[in-house]
Protein chains: 2
Amino acid sequence: MPKVGMEPVRRKALVDAAMRVIGDHGSLTVTMSEIAKQAGVSPALAHHYFGSKEQLLIETVRSHLQRLRDSVVMELSAAKTPREKLSAIIRVSFQADQFAPETIAAWLAFYAEAQRSEETRRFLVIYARRLRSNLLANLKALCPHEDAERIAEGAAAMIDGLYIRQSLRSAPISIEASIALTEDYINALLAPLSKKGRPSKGQIK
Amino acid sequence: MPKVGMEPVRRKALVDAAMRVIGDHGSLTVTMSEIAKQAGVSPALAHHYFGSKEQLLIETVRSHLQRLRDSVVMELSAAKTPREKLSAIIRVSFQADQFAPETIAAWLAFYAEAQRSEETRRFLVIYARRLRSNLLANLKALCPHEDAERIAEGAAAMIDGLYIRQSLRSAPISIEASIALTEDYINALLAPLSKKGRPSKGQIK
DNA sequence: TATTTTTGATTGACTGATCAATCAACAAAA
DNA sequence: TTTTGTTGATTGATCAGTCAATCAAAAATA
């Protein structure tokens, strides 16, 4: 085996391994040994590259959020109208790999960790803001601004709520049903509204 | 100091202490020592009464859920109509002590724990089912059954989602706003419906 | 080209701290 | 004197983090 330029390879392997271990362990109380073993290296090497367990965990959150962000960007650029973009955001939130039990377990663990780790919290806040602002921007094209704020808040909450409920794995809701519930919410709140505030009968002001 | 009948007193003190410690620690990785100190007894006594840390934690979840349940029952009995009962359920979910940062942190920790502890998971499943079925029962009085199912699912998700978003403590949503968002959801989805499925103009079948 | 030197990658063994859990002993009430 | 409550001291396990030593490739030198 070669000997140079291993660093990026090992870092990625360790971050991926951490994600997997956290996922099926369902918590951040995982040991460096478990992660290292999963990545096929010694625990000492994990410390060598990341300095501390906390740092490795933070990189793991970062990487996960980055991947999610990339998905959103890609899907958003494919969608044309604001309404299509809203659907794209929803679709990505519930896409299969995001909605897998291990991924959801990891999410939950990250949220719990954010109660103690300021840095983890910051990442999740960024994610939450991005979700909200993506929704908001497109809603503003479809209804008055104040309504858009409310609806964005509600839709974001619903998405996160569907996640957390999924984590209990009792009567799990399918991906399609989750998408439908969120779409319904947006449609129902948008229905009586329109860009410039059409009251009820299609009269444009 | 007196000497008999201490057991229930100590158990309650320890469970309450655990809740407090978990709350401001924001995680279940708390030590028996911390809990015992908070309760003003020695760690050995905590083990004496609960046998293990896990058992104490489980009792803590149970006690918390029981208190919530009591609140719901009380508020529900005060409400008369189905629509009022729906509002009562929502109101309890967001009542001040439930929505306090430490309580939310504790909830989150319990959800994370449920990934590993079957018993904790069972309690949370029971809570989730109860919330859903309380909503469902009252919704059924207001719209067709299939619609009631969807709306109950969505409202439950929204409630949980508002909780989890609150845990990030960035741009926190007020109690009133949280209630308003959930009420809006129900109103919006209920609007085009009625008990026997009036299509759109008030014609009763 | 052959050799030595340097450098990055990697690990086994170890340390120190933390903690759940146990237990023997003691105090006070019954 | 029996029972209940209570604790300090201790044990054993687990882990994050450190370190000195090894190995093999690459670079420098002859």
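Reading the values: the criteria
- Residues numbered from 1 in each chain as written.
- Chains lettered and ligands numbered in written order.
- Predicted model: local features only at pLDDT ≥ 70, side-chain atom pairs only at ≥ 80, totals over all residues.
- Heavy atoms only, no water.
- Helix = DSSP H or I, 4+ residues; strand = E, 2+ residues; numbered from the N terminus.
- Buried < 20%, exposed > 50% of the residue type's maximum accessible area, 1.4 Å probe, protein only.
- Polar contact = N/O pair within 3.5 Å; in protein donor to acceptor, adjacent residues only side chain to side chain.
- Least-squares fit on C-alpha atoms with pLDDT ≥ 70 in both.
- Contact = heavy atoms within 4.5 Å.
- 1 Å grid on protein atoms, 1.4 Å probe; cavity = no way out; pocket = protein on both sides within 12 Å on 5 of 7 lines; lining within 4 Å.
- Points joined across faces, edges and corners; volume = space filled by probe spheres on them.
- Nonpolar A, V, L, I, M, F, W, Y, C, P; charged D, E, K, R; others polar.
- Salt bridge = Lys/Arg side-chain N within 4 Å of Asp/Glu carboxyl O.
- Expected span 1.5 Å × (residues − 1).
- Buried area = accessible area lost by both parts, 1.4 Å probe.

Peer 1: In this structure, what is going on with the side chain of Thr103 of chain A? I would like to understand it.
Peer 2: Residue and element names in this part refer to chain A. Within the secondary structure, Thr103 is located in helix 6 (residues 101-114). Overall, the relative accessible area of 11% leaves Thr103 in the buried class. For Thr103, the side chain forms a polar contact with the main-chain oxygen of Asp97, separated by 2.7 Å.

Peer 1: Would you take a moment to explain the relation of the copies chain B and chain A for this structure?
Peer 2: The pair of chain copies shares a relation made of a rotation about an axis and a shift along it. Here chain B sits on chain A after a turn of 180° about the axis and a move of 0.0 Å along it, with an RMSD of 0.0 Å. Between the two chains, the operation in question is that of a two-fold axis. Taking the C-alpha atom as reference, chain B places Gly161 of chain B closest to the rotation axis, 1.8 Å from it. Most of the interface of chain B is mirrored in chain A, where 100% of its interface residues again form contacts.

Peer 1: Quick question: what am I supposed to make of empty space enclosed by the protein here?
Peer 2: With a probe scaled to a water molecule rolled over the atoms, the places where space remains empty come into view. On inspection of all chains with the given rule, the structure shows 1 cavity of 30 Å³ or more. Here the largest cavity defines a volume of roughly 120 Å³. Taken together, Ile164 of chain A together with Ile104, Trp107, Leu108, Tyr111, Tyr127, Asp160, Tyr163, Ile164 and Ser167 of chain B make up the lining of the largest cavity. Of all the elements in the fold, those that place two or more residues in the lining of the largest cavity are helix 7 (101-114) and helix 9 (145-166) of chain B. Looking at the lining of the largest cavity, the element that brings in the most residues is helix 7 of chain B, giving 4 residues. A per-class count over the lining of the largest cavity returns 8 nonpolar, 1 polar and 1 charged.

Peer 1: What should I look at first to understand unusual backbone geometry in this one?
Peer 2: Most peptide bonds are trans, and most residues other than glycine sit at a negative phi. In this model, Arg169 of chain A sits at a positive phi of 55°, which is unusual for a non-glycine residue. Among the residues examined, Arg169 of chain A registers a relative accessible area of 41% and is labelled partly exposed.

Peer 1: Would you explain the pattern of salt bridges in this entry?
Peer 2: Where charged atoms from two side chains of opposite charge come close, those side chains can pair. All names here are of chain A. Summed over the entire model, instances satisfying the criterion amount to 26 salt bridges over all chains. For Arg67, the salt bridge goes to Asp16, with nearest N and O atoms at 3.6 Å. Of the two residues, Arg67 is situated in helix 4 (residues 53-78) and Asp16 in helix 1 (residues 6-25); the sequence distance between them amounts to 51 residues. When salt bridges with common partners are traced through the structure, they connect Lys12, Asp16 and Arg67 into a single cluster.

Peer 1: Is there a simple way to explain helix 9 of chain B in this structure?
Peer 2: For the α-helix, the turn length of 3.6 residues means that residues three or four positions removed from each other point alike. With 22 residues, helix 9 of chain B should reach 32 Å at 1.5 Å per residue; the first-to-last C-alpha distance of 32 Å fits that figure. With 18 of its 22 residues buried, helix 9 of chain B lies for the most part within the structure.

Peer 1: I keep staring at the interface of chain B and chain A and nothing clicks. Help me out?
Peer 2: One widely used convention gives an interface's size as the accessible area the parts lose upon coming together. Facing 39 residues of chain B, the contacting portion of chain A comprises 39 residues. Across the chain B to chain A interface the summed buried area is about 3,700 Å²; carbon plus sulfur atoms make up 64%. Summed over the three residues of chain B that lose the most area to chain A, namely Gln115, Arg165 and Leu168 of chain B, the buried surface amounts to 21% of that side. Summed over the shared surface of chain B and chain A, the number is 4 salt bridges. Here chain B and chain A share 11 residue pairs in polar contact (both at pLDDT 80 or more) between them. Only helix 7, helix 8 (118-140), helix 9 and helix 10 (175-190) of chain B provide two or more residues apiece to the side of chain B that touches chain A. The element that contributes the greatest number of residues to the side of chain B that touches chain A is helix 9 of chain B, accounting for 11 residues.

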